[in-house]
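# Analysis of the macromolecular model
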Protein chains: 2
Amino acid sequence: MADVARRAGVSMATASRALSDHPHVAAGTRARVLAAAEQLSYVISPEASRLAGGVTGRVAVVVPHISRWFFATLLDGLEQVLREGGLDVLLYHVGDAADRRDFFQRLPARRKVDAVVVLGMPVHDAERDRLELMGVHIVAAGGQVENYPYVSIDDAAAGRQAVDHLIFLGHRRIGMIAAIDPAEPGWPVLPGRTLAYRAALADAGLPAGPELVVTVPWGGLSGADAMARLLSLREPPTAVYAHSDEVALGAMRTLRRAGLRIPEDMSVVGIDDHPMAELADLTTVAQPVLEQGVLAGRMLLELLAGGSGTDGATVPTRLVVRGSTAPPRR
Amino acid sequence: MADVARRAGVSMATASRALSDHPHVAAGTRARVLAAAEQLSYVISPEASRLAGGVTGRVAVVVPHISRWFFATLLDGLEQVLREGGLDVLLYHVGDAADRRDFFQRLPARRKVDAVVVLGMPVHDAERDRLELMGVHIVAAGGQVENYPYVSIDDAAAGRQAVDHLIFLGHRRIGMIAAIDPAEPGWPVLPGRTLAYRAALADAGLPAGPELVVTVPWGGLSGADAMARLLSLREPPTAVYAHSDEVALGAMRTLRRAGLRIPEDMSVVGIDDHPMAELADLTTVAQPVLEQGVLAGRMLLELLAGGSGTDGATVPTRLVVRGSTAPPRR
DNA sequence: GCAACCGCTGGAAGCGTTTCCGACTACGCA
DNA sequence: TGCGTAGTCGGAAACGCTTCCAGCGGTTGC
């Protein structure tokens, strides 16, 4: 910066002010400084800048299972907005519970970021307290979290759309493949999607035998296994509601291999509207994933700008009817 | 840190050395310093540390199309290794040509990182010159880039495995669906995969009519369109080689909708071994994606540790035969 | 027995900014 | 004409750490 100041014929103090857009700098002076910086292709040192009391300009994004479409797409939207807002994205992939503990243990103390965005997972109270204690903002996207700014879908409503669709088609015996996160054993994942199932059946006066619900770790192959289990029932369902499209796609493989036709012999509905759902003609409940990332980014920007921010936003889902659902044969 | 030093009864110099694991510190002294730090729950300020030390402890990762499985998985592997190596990942998503130009023009990562990893895309010469301006290490993964340490597959070999498989099964009329990056119009994407096709056909003395090759922007729906075009030929192929699994899956949808059976009426083979390939019973050429990210990470770590690093690594691919390929009917 | 040496430690000079505080200029007003 | 004031600008002190260099006592080599 000394070079820039010298070249512009001003002191370092003035150069600093000009570069960081402070008031009390004459327009002409500012222009000269910026020109000099440009010519020298000067870039400020974030370390020094932060050390001297500024902010880091960095945001930590915590994401589990980054290679999955849902999380990667969320990240896509978020990164876009934050980049436009002049913030850098520091990526933290917490694959399992240990990673997670590790992250919340050290990151806040390290003072590396101004804010944390948690993607697609709930945040425990203790973790939230820890973050707030360190004075960093926190925003969540893609997973229902309370007590602080978040953006997500209404899982119960989404599940309801899926199951109600099956009921409307005339199905009376509907199975559910519930997915749980293998990295968070015992953690109630997407309880809304499960509750929706029970509520919809109850409202329609349909039986909900426990044998109709299969719970498996998240994933396509798990979905395949789960479907096999449902097929092994004495009286299999005529339709299946899967917690996610990946799981549903797995279920479809089992059906295909068993020689059953979709939707004639079995209807299948998922949630998410994964790109593959379109290719597989899977009926699903679409949620705007990219948009959730974008919204979370905007929320954070507002928060960092001093705004109070909204409490949270729930984005709407919608049923997308494709070829995997139809009335039951009988 | 001054507090810690005082409490431990040493100077700041010694405290610094003890905390950063330097040699030339007596074991007892180190223990005392660490204990003091522990009691005061002291954490080092990364900014100050870096300002004084000269390194940032951060790595920029440049990735296009992050929501696609391939890139996200590459990132997954890379992040894992870098995090273990104590480095933070600064994510730069260059979605389209504009982003890309912007990135290389402004070099937003300048002064912020010790190294740059470019994932899954070739770097033009001009861009490379810009990168070198940053004066940091550069590593590429998942896309062949020369002049740099890189890790990728041999696209020509992979393509060869796919096409040779079809030829071996007895197919004489083989179509190709070539994918190009919509964000990089006119850029020769994956030329190896195209060359492999021509070479394999030539070696087997098979015709390679230009009508058998359809080039579309990357994506499942594009694959579906491409397949439709192949089916509209007076004499359609009996097998199709797609540049990627997503494209192949799209092609399969068209076949399914047309009432054609796979593999009886048409064999389909892809490249990548996308998780969905397994669910769709798609024969493909698998490439170790996560591993490429991991390897690139290790390479970088070695480079940063002062090692000379290897020039590059090519990881092997292997044919995975599933249910989408079989000998032609006639 | 003396010098060279070694392992450990402390003092202090940066690292590149931001920002407080004081100074200087040019003006408006009495 | 003299003085207060607003608008600018420069000097210099942090910010919290790393590391060079020198000093210290004690050990080794000849």
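Predicted, not measured: the structure shown is a model, and the values here were computed from it.

### Looking at the protein's contact with DNA strand C
Near DNA strand C you find 27 residues, and of these M12(A), S16(A), Y42(A), T14(B) and T29(B) are the closest. Backbone atoms, meaning sugar and phosphate, form 59% of the atoms of DNA strand C found within 4 Å of the protein. In this structure, a phosphate oxygen belonging to DNA strand C sits 3.3 Å away from a main-chain N or O atom of S45(A). A distance of 2.8 Å is found between a phosphate oxygen of DNA strand C and a backbone nitrogen or oxygen belonging to S11(B). Among the elements of the structure, α2 (12-19) and α4 (46-51) of chain A together with α2 (12-19) and α4 (46-53) of chain B are those that each provide at least two residues to the surface near DNA strand C. Take the surface near DNA strand C: its biggest share by element is 4 residues, from α2(A). Residues belonging to the surface near DNA strand C are distributed by class as follows: 15 nonpolar, 9 polar and 3 charged.

### Focus on the UniProt feature "domain: HTH lacI-type" (unreviewed entry) in chain A
Taking the UniProt record as the reference, the feature "domain: HTH lacI-type" (unreviewed entry) is found at residues 1-53 of chain A. Helix and strand shares over residues 1-53 of chain A are 64% and 0% respectively, and the end C-alpha atoms of the span are 17 Å apart.

### Structural notes on the sheet that holds strand β9 (residues 267-272) of chain A
Residue and element names in this part refer to chain A. Strand order across the open sheet formed by 6 strands is β7-β6-β8-β9-β10-β12, with mixed pairing between neighbours. Here the strands that pair on one side only, and so sit at the sheet edges, are β7 (213-217) and β12 (318-320). For this sheet, the mean inter-axis angle between neighbouring strands, taken without regard to orientation, is 20°. As paired elements, strand β10 (residues 283-286) and β12 share 3 bridges and run antiparallel to each other. Its bridge partner lying in β12, V285 is registered against L319. The strands that helix α9 (residues 191-203) touches are β6 (174-180), β7, β8 (239-242) and β9; relative to β6, the one it contacts most, it runs at about 165°.

### What to know about the relation of the copies chain B and chain A
For the pair chain B and chain A, the best superposition has an RMSD of 1.0 Å and corresponds to a rotation of 178° with a translation of 0.1 Å parallel to the axis. Between the two chains, the operation in question is that of a two-fold axis. Closest approach to the rotation axis within chain B is made by the C-alpha atom of L90(B), at a distance of 2.5 Å. Both copies share a contact surface, since 100% of the interface residues of chain B are interface residues in chain A too.

### Considering the protein's contact with DNA strand D
Surrounding DNA strand D, one finds 26 residues, the nearest of these being S11(A), T14(A), T29(A), S16(B) and Y42(B). A share of 62% of the atoms of DNA strand D within 4 Å of the protein falls on sugar and phosphate groups. In this structure, R17(B) approaches DNA strand D through a side-chain N or O atom, which is 3.5 Å from a base nitrogen. A48(B) is positioned with one of its backbone polar atoms (N or O) 3.4 Å from a base nitrogen of DNA strand D. The element contributing the most residues to the surface near DNA strand D is α4(B), with 5 residues.

### A word on the interface of chain B and chain A
Taken together, the contact between chain B and chain A spans 43 residues of the former and 46 residues of the latter. Carbon and sulfur atoms make up 55% of the surface buried where chain B meets chain A, a total of about 4,100 Å² over both sides. When the area that chain B buries against chain A is broken down by residue, the three leading residues are E47(B), R111(B) and L279(B), summing to 17%. For the pair chain B and chain A, the interface holds 10 salt bridges.

### Some points on the packing of aromatic side chains
All names here are of chain A. The full count for this structure, using the stated rule, is 8 aromatic pairs over all chains. Ring centres 5.2 Å apart and planes at 80° place the aromatic pair F70 and F71 in the edge-to-face group. Assessed through its relative accessible area of 7%, F71 is described here as buried. With centroids separated by 5.0 Å and ring planes inclined at 90°, the aromatic side chains of F103 and F104 adopt a geometry described as edge-to-face. Three or more aromatic residues joined by ring pairs form one cluster here, namely Y92, F103 and F104.

### Remarks on the pairing of strand β10 (residues 283-286) of chain B
Residue and element names in this part refer to chain B. On β10, burial covers both faces: T283 and V285 on one face and T284 and A286 on the other are all buried. As paired strands, strand β9 (residues 267-272) and β10 are joined by 4 bridges and run parallel to one another. Paired with V269 across the strands is T283, a residue of β10.

### Description of the sheet that holds strand β8 (residues 239-242) of chain B
Residues and elements named next belong to chain B. Spatial strand order, β7-β6-β8-β9-β10-β12: 6 strands in an open sheet with mixed pairing. Edge strands, defined here as strands with exactly one partner in the open sheet, are β7 (213-217) and β12 (318-320). Within this sheet the neighbouring strands show an average axis-to-axis angle of 20°, counted without direction. Across the sheet, helix α9 (residues 191-203) touches β6 (174-180), β7, β8 and β9, and the angle it forms with β6 is around 165°.

### Remarks on helix α5 (residues 69-84) of chain A
All names here are of chain A. With 16 residues, α5 extends 23 Å between its outermost C-alpha atoms, agreeing within 8% with the 22 Å of an ideal straight helix rising 1.5 Å per residue. The buried fraction of α5 amounts to 13 of the 16 residues, a majority that puts the element mostly inside the structure. Of the residues flanking the end of α5, it is G86, one or two places downstream, whose phi is positive at about 80°.

Parameters and conventions
- Residues numbered from 1 in each chain as written.
- Chains lettered and ligands numbered in written order.
- Predicted model: local features only at pLDDT ≥ 70, side-chain atom pairs only at ≥ 80, totals over all residues.
- Heavy atoms only, no water.
- Near = heavy atom within 4 Å.
- Polar contact = N/O pair within 3.5 Å; in protein donor to acceptor, adjacent residues only side chain to side chain.
- Helix = DSSP H or I, 4+ residues; strand = E, 2+ residues; numbered from the N terminus.
- Nonpolar A, V, L, I, M, F, W, Y, C, P; charged D, E, K, R; others polar.
- UniProt positions renumbered as here; feature names shortened; annotations may be inferred.
- Pairing = 2+ DSSP bridges.
- Axes fitted to C-alpha atoms, helices over the stretch in contact; angles between N-to-C directions.
- Contact = heavy atoms within 4.5 Å.
- Least-squares fit on C-alpha atoms with pLDDT ≥ 70 in both.
- Buried area = accessible area lost by both parts, 1.4 Å probe.
- Salt bridge = Lys/Arg side-chain N within 4 Å of Asp/Glu carboxyl O.
- Phe/Tyr/Trp six-rings, centres within 6.5 Å; stacked < 30°, edge-to-face > 60°.
- Buried < 20%, exposed > 50% of the residue type's maximum accessible area, 1.4 Å probe, protein only.
- Expected span 1.5 Å × (residues − 1).

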